[in-house]
Amino acid sequence: MVGHFAVEYVYTADTAKRDEVRPAHRAFLSAQKGEGEGGVRLLASGPWTNDTGALLLFEAEDEAALRAVLEHDPFAEADLVSRVRINVWNPVLGPWVAG
């Protein structure tokens, strides 16, 4: 069964390096929009307006599959994410809800 997950990134303070890596990070996320790697699909993503982190919404078979994909995010590989918080999300209204 596919689950929905809300992922919160907290960024490190290295904004210059984040700006440098951002194009690769966004390309990585764009590749997840369809049927992404490992059955993980990105539904939406975007940074907080204060530039301290971001929220990403995914569909995935399970949290382990999602974590395996997130390890390859260029932001993670460049040590630009100081914390990743993953919560199972139960959408009841919106475009991802049948009916």
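Here, every reference points to the structure presented above.
> How should I be thinking about the pattern of salt bridges in this particular structure?
Oppositely charged side chains can pair when the atoms bearing their charge come close. Applying the stated criterion across every chain yields a total of six salt bridges. A salt bridge links Glu8 to Arg85; the nearest nitrogen and oxygen atoms lie 3.9 Å apart. Taken together, the residues Glu8 in strand β1 (residues 3-11) and Arg85 in strand β4 (residues 81-89) connect sequence positions 77 residues apart. Overall, the relative accessible area of 44% leaves Arg85 in the partly exposed class. Taken together, the shared-partner salt bridges connect Glu8, Arg83 and Arg85 into one network.

> Quick question: what am I supposed to make of the nonpolar core here?
When a protein is soluble and globular, its nonpolar side chains tend to lie buried together. Counting residues in each nonpolar core, the largest one holds 21 residues, and the members touching the most others are Val7, Tyr9, Leu56, Phe58, Leu66 and Leu70. Where this core is concerned, the elements lending two or more residues are β1, α1 (15-31), β3 (53-60), α2 (63-70) and β4. With residues up to four places along the chain from it excluded, the contact list for Phe58 reads Gly3, His4, Phe5, Val7, Leu29, Val40, Arg41, Leu42, Leu43, Leu66 and Leu70.

> Is there a simple way to explain the sheet that holds β3 in this structure?
Across the sheet, which stays open at both edges, the four strands sit in the order β2-β3-β1-β4 with antiparallel pairing between neighbours. Where the open sheet ends on each side, the last strands, each with one partner, are β2 (41-47) and β4. Going across the sheet, the axis of each strand differs from the next one's by a mean of 15 degrees, ignoring polarity. Of the strand pairs in this sheet, β1 and β4 are connected by eight bridges, and their pairing is antiparallel. Counted as the bridge partner of Phe5 is Val88 from β4. Together, β1, β3 and β4 form the strand contacts of α2, whose direction differs from that of β1 by roughly 35 degrees.

How each quantity is defined
- Residues numbered from 1 in each chain as written.
- Predicted model: local features only at pLDDT ≥ 70, side-chain atom pairs only at ≥ 80, totals over all residues.
- Heavy atoms only, no water.
- Salt bridge = Lys/Arg side-chain N within 4 Å of Asp/Glu carboxyl O.
- Helix = DSSP H or I, 4+ residues; strand = E, 2+ residues; numbered from the N terminus.
- Buried < 20%, exposed > 50% of the residue type's maximum accessible area, 1.4 Å probe, protein only.
- Core = buried A, V, L, I, M, F, W, Y, C linked by side-chain atoms within 4.5 Å.
- Contact = heavy atoms within 4.5 Å.
- Pairing = 2+ DSSP bridges.
- Axes fitted to C-alpha atoms, helices over the stretch in contact; angles between N-to-C directions.

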